[in-house]
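Listed below are the residues making up each chain.
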There are 2 protein chains.
Amino acid sequence: MIILIEEIFKEVLKEIKPSKTEMEKLKIKANEIIDKIWEVIKENNYPVLEVLLVGSSARNTNLKDDYDIDIFILFDKSTSEDELEEMGLNIGIETIKRLNGSYKINYASHPYVNGKVDEYEVDIVPCYKIDFGEKIISAVDRTPLHHKFLKDRLNEKLCDEVRLLKAFLKSLGLYGSDVKTKGFSGYLCELLILHYGSFINLLKDAQNWKIGKKIILKDIFEIYKDVDINKLKKFEEPFVVYDPVDLNRNVASPLSKENFCEFIFYAREFLKNPSIEFFKDYAKKLEKILEDREHGYRLILKIPREDVVDDIIYPQMEKLQKSINKAITKNEFVILDSKCFADEDYCYLYWEFLVHKLPRVALREGPPIFEKERAERFLKKYDKVFIKDCKLFAYTERKYYHIIDLFKDIVNGNLQNISIPKYVNPRKGEIIEL
Amino acid sequence: MIILIEEIFKEVLKEIKPSKTEMEKLKIKANEIIDKIWEVIKENNYPVLEVLLVGSSARNTNLKDDYDIDIFILFDKSTSEDELEEMGLNIGIETIKRLNGSYKINYASHPYVNGKVDEYEVDIVPCYKIDFGEKIISAVDRTPLHHKFLKDRLNEKLCDEVRLLKAFLKSLGLYGSDVKTKGFSGYLCELLILHYGSFINLLKDAQNWKIGKKIILKDIFEIYKDVDINKLKKFEEPFVVYDPVDLNRNVASPLSKENFCEFIFYAREFLKNPSIEFFKDYAKKLEKILEDREHGYRLILKIPREDVVDDIIYPQMEKLQKSINKAITKNEFVILDSKCFADEDYCYLYWEFLVHKLPRVALREGPPIFEKERAERFLKKYDKVFIKDCKLFAYTERKYYHIIDLFKDIVNGNLQNISIPKYVNPRKGEIIEL
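Residues numbered from 1 in each chain as written. Chains lettered and ligands numbered in written order. Predicted model: local features only at pLDDT ≥ 70, side-chain atom pairs only at ≥ 80, totals over all residues. Heavy atoms only, no water.

In the annotation of an unreviewed UniProt entry, chain A is listed under the name CCA-adding enzyme and assigned to Methanocaldococcus fervens. Quoted verbatim from the Cofactor (unreviewed entry) field of UniProt, the annotation for chain A is "Mg(2+)". The annotation that UniProt attaches to chain A under Sequence similarities (unreviewed entry) is "Belongs to the tRNA nucleotidyltransferase/poly(A) polymerase family. Archaeal CCA-adding enzyme subfamily." (UniProt positions renumbered as here; feature names shortened; annotations may be inferred.)

This is the structure we're talking about:
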């Protein structure tokens, strides 16, 4: 079995690991950009202490066909935030221009330049240079430390193990700490491999993880003297991996409970029955198997998408869907499945129903007959009242007999308590029956 | 308000109280029967100590048009049970014959004669003569003591109060301790009036009754010296009225929790809004109001009735319906209302559904993913498995899409775990859609 698994990993790496040529080309390009950055810095006499290539491509943990180049510009801490922002943007814009690239401004904790140079996606991000244990000023200040921490510790073998983990997660739809995916960040993958020594060891342990699993890298005890495990910050998240760069931060905090469970489950499934299939769009294959069945009544609420990023659209879609789900349940329809997704132009909120039609009559449950005042109020409200299980009940007429009438009222704005997120307005929605 | 209520009671009594003529006629007939009974006893030299007219007609607590005459023949305790049975039947049969009546044999704790003499329904029941505090031999031995206890204590005013209570309960469908009604026995009504002094006082107190309400008549302390309240037998029933004739017996034990609650509720409703309507088939009027509405899908399972009494048929119908309700719920259909009733020829089990049709797909909930062994078994059983809320779920196909298919399998005998009571066999059933 071990041999078989090793064979699988070899096979996977063949497919996912960038070629030497690909890596060399990327490094050459990165150095060229860094040279240009220093040119601009020197011309302007900016207080920059360091320019650092970071991210997975800098650490050899990237997957094939990953053309991301992340460069951080480390300023002296005496620089004001306004200055840092202004100088950072200036460096970025000027550099990309000199390389004949195109660029746009993105926002993390502050604006930064995202440029396109040849086939490469280049982020040029200004930050403060801080040291281990020092308080950060801007949220991105940790990134250079993350890089330094990993660079010192990951050897070539471990880098390949990181790639296997990333490929496994990607295939399962669990790779990415964005709010849409709610999965594992690249940095989290690297820390996990560092902790477990190999992908297979990680899987073997993950099989038995429970909600609340905590990981404290042994390096933490080297970096910080006198760390008291019992005094570490407590996190409520299902999976906790203390950031060696900042012990008050849980690297796994973006991971949802659902995805944590999926990882545990598929770790077990893979070990039980190892196969290269787990690395090849496994989530899509599972989805196909799940959907190859008879369905209940289905509909989609299709809403034009405003021009905002996924990180904003997805939480809003989810919030809207949650509020609609509440209304559906309150009206006694039964949901079998609900999910949402967005493409460039539209948001799609999808439902499948176990119960989508109901008789006109509805049953309201009232208070126990012993609670006189509540009973009195119930009697004032309803006329067809009877007693069951020592409680009052009433027959009444329901508002919605068919789920589509409820959705029509959502679109018309006639349904109360539906959230109207800023960028996903249900009143602009169109109902599509499948 | 008090005046109004008194007016209502007067009005009710006018309608429900037997006329003097009716009562006199009944007493004359009863005495005639008792004379004949003594004739037979003496001819046979039977060890009878007493012949006693009992029941509500003997105590003036009966309602109008009640032609029941209950006569108990009290034997000496030295008589064997076989002898008592034989002599009792002989007396009964011989008496009815001499009065040119017809008769049949009924069964309580032992057989007794039920005769028809003119318009009267005559029960002639043999029993042992026992005293207060003595252990009974046959279950019916308590009846003469009940009679003696009440006869000594009920005056004309109280008798009318008993009649009001009986009329109120009858109108609400709560009068009768048979297993079909599960309501208040006549004896229970009499004890309650004795305890509260009047119908209105009973209602006023009943408004605030809770589950577990206990009533200990003050007479009990006169009859039994040194009664310790804390040492009285504990009963689990919702309403407890200690029988003054036997402190180990709860007179209210046949009363169901549902009916106890209904009494409390309608006591309150009557006091809030006193009206003669409460005494006039109120339950039927309520039923009519409740049923004057749109309905969900309805069906009836009509089963030929075997020749057995209600006291046997009703518990069997209820047991069968309960087991079918379980199957309905297990198959994810949703019941809005279910009840059963029987006429002379058929049993009718009735259902109304909130959900009677479902899509082919069904969702099975499995174990939490953390429970490896259970998860393994679930995975072996199903193929379309996914994770939600840290649990395994599977899509599968349901057996019944329409409730009628489930009922067809009940009638065909193809559904497991349906109880097959001796006298209500669902396999002889016919499904009727309404």
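After that view, the rundown keeps rolling.
It is worth spelling out the relation of the copies chain B and chain A at this point. Placing chain B over chain A gives an RMSD of 0.1 Å and needs a rotation angle of 180°, together with 0.1 Å of translation along the axis. Such values leave the two copies arranged in the relation of a two-fold axis. Within chain B, the C-alpha atom positioned nearest to the axis of rotation is that of B:V355, 3.7 Å from it. In this assembly, 100% of the residues forming the interface of chain B have copies in chain A that are likewise at the interface, indicating an isologous arrangement. (Least-squares fit on C-alpha atoms with pLDDT ≥ 70 in both. Contact = heavy atoms within 4.5 Å.)

The subject of this paragraph is the pairing of strand 4 (residues 111–117) of chain A. Residues and elements named next belong to chain A. Here strand 4 lies mainly inside the structure; six of its seven residues are buried. By the bridge criterion, six bridges tie strand 3 (residues 102–107) to strand 4 in an arrangement that is antiparallel. Its bridge partner lying in strand 4, Y107 is registered against P111. Linking two consecutive strands that pair antiparallel, namely strand 3 and strand 4, is a turn of three residues. In this sheet, strand 5 (residues 120–128) lies alongside strand 4 in antiparallel orientation, the contact comprising five bridges. The partner of V113 across the bridge, within strand 5, is I124. (Buried < 20%, exposed > 50% of the residue type's maximum accessible area, 1.4 Å probe, protein only. Helix = DSSP H or I, 4+ residues; strand = E, 2+ residues; numbered from the N terminus. Pairing = 2+ DSSP bridges.)

All names here are of chain A. With antiparallel pairing, four strands are arranged side by side in an open sheet as 10-11-9-15. Strands at the two margins of the open sheet, each flanked by one partner only, are strand 10 (334–342) and strand 15 (430–433). The mean angle between the axes of side-by-side strands here comes to 20°, regardless of whether they run parallel or antiparallel. Here eight bridges tie strand 10 to strand 11 (residues 346–355), and the two strands are oriented antiparallel to one another. Bridge pairing links V334 to V355 in strand 11. (Axes fitted to C-alpha atoms, helices over the stretch in contact; angles between N-to-C directions.)

Our focus in this paragraph is the side chain of B:R142. All names here are of chain B. Relative to the elements of secondary structure, R142 occurs in helix 5 (residues 142–151). Judged by relative accessible area, R142 falls into the buried class, the value being 15%. Setting aside residues no more than four positions away along its own chain, R142 makes contact with I136, D243, V245, D246 and R249.

This part takes up the domain arrangement of chain A. Residue and element names in this part refer to chain A. Taken domain by domain, chain A consists of domain 1 (19–150), domain 2 (156–282), domain 3 (297–359 + 398–433) and domain 4 (361–397). Between the C-alpha centres of domain 1 and domain 2 there is a distance of 26 Å. Each side of the interface is counted separately: domain 1 has 14 residues, and domain 2 has 19 residues. Buried surface at the junction of domain 1 and domain 2, summed over both partners, amounts to about 1,500 Å²; 67% is from carbon and sulfur atoms. It is T61, L63 and F149 in domain 1 that bury the most area against domain 2; as a group they hold 40% of the surface buried on that side. (Domains from an automatic or database assignment. Buried area = accessible area lost by both parts, 1.4 Å probe.)

Looking now at the packing of aromatic side chains. Residues and elements named next belong to chain A. Counted according to the given criterion, the structure contains 60 aromatic pairs over all chains. Relative to F279, the ring of F9 has its centre 6.4 Å away and its plane inclined at 80°; by these criteria the two rings are edge-to-face. Residue F9 is located in helix 1 (residues 2–16), and its partner F279 is located in the loop between helix 10 (257–272) and helix 11 (282–291); the two are separated by 270 residues in the primary sequence. For F9, a relative accessible area of 4% puts it in the buried group. Given a relative accessible area of 10%, F279 falls into the buried group. K388 extends its terminal NZ or CZ atom over the ring of F393, reaching a point 5.9 Å from the ring centre. (Phe/Tyr/Trp six-rings, centres within 6.5 Å; stacked < 30°, edge-to-face > 60°. Lys NZ or Arg CZ within 6 Å of the ring centre and 35° of its normal.)

What follows is about the pattern of salt bridges. Overall, the coordinates contain 66 salt bridges over all chains when judged by the stated rule. The salt bridge involving A:E291 is made with A:R293; its shortest N-O contact spans 3.4 Å. Overall, the relative accessible area of 14% leaves A:R293 in the buried class. Here B:K339 makes a salt bridge to B:E287, at a shortest N to O gap of 2.9 Å. Residue B:K339 is found in strand 10 (residues 334–342), and its partner B:E287 is found in helix 11 (residues 282–291); the two are separated by 52 residues along the sequence. Salt bridges linked by common partners bring A:K36, A:E39, A:E43, A:E94 and A:R98 together as one network. (Salt bridge = Lys/Arg side-chain N within 4 Å of Asp/Glu carboxyl O.)

Contact with chain B, which involves 51 residues of that partner, is made by 51 residues of chain A. When chain B packs against chain A, close to 4,300 Å² is buried across both sides, 66% of that on carbon and sulfur atoms. Per-residue buried area on chain B facing chain A is highest for B:F370, B:I387 and B:Y395; these three make up 14% of the total on that side. Here chain B is connected to chain A by two salt bridges. With its nearest N and O atoms 2.7 Å apart, the salt bridge here joins A:K272 to B:E376. At the boundary of chain B with chain A, the tally comes to 12 residue pairs in polar contact (both at pLDDT 80 or more). Of all elements in the fold, only helix 10 (257–272), helix 11, strand 10, strand 11 (346–355), strand 12 (361–368), helix 13 (372–381), strand 13 (384–388) and strand 14 (391–397) of chain B reach the threshold of two or more residues within the side of chain B that touches chain A. Top contributing element to the side of chain B that touches chain A by residue count: helix 10 of chain B, with 10 residues. Here the residues of the side of chain B that touches chain A sort into 26 nonpolar, four polar and 21 charged. (Polar contact = N/O pair within 3.5 Å; in protein donor to acceptor, adjacent residues only side chain to side chain. Nonpolar A, V, L, I, M, F, W, Y, C, P; charged D, E, K, R; others polar.)

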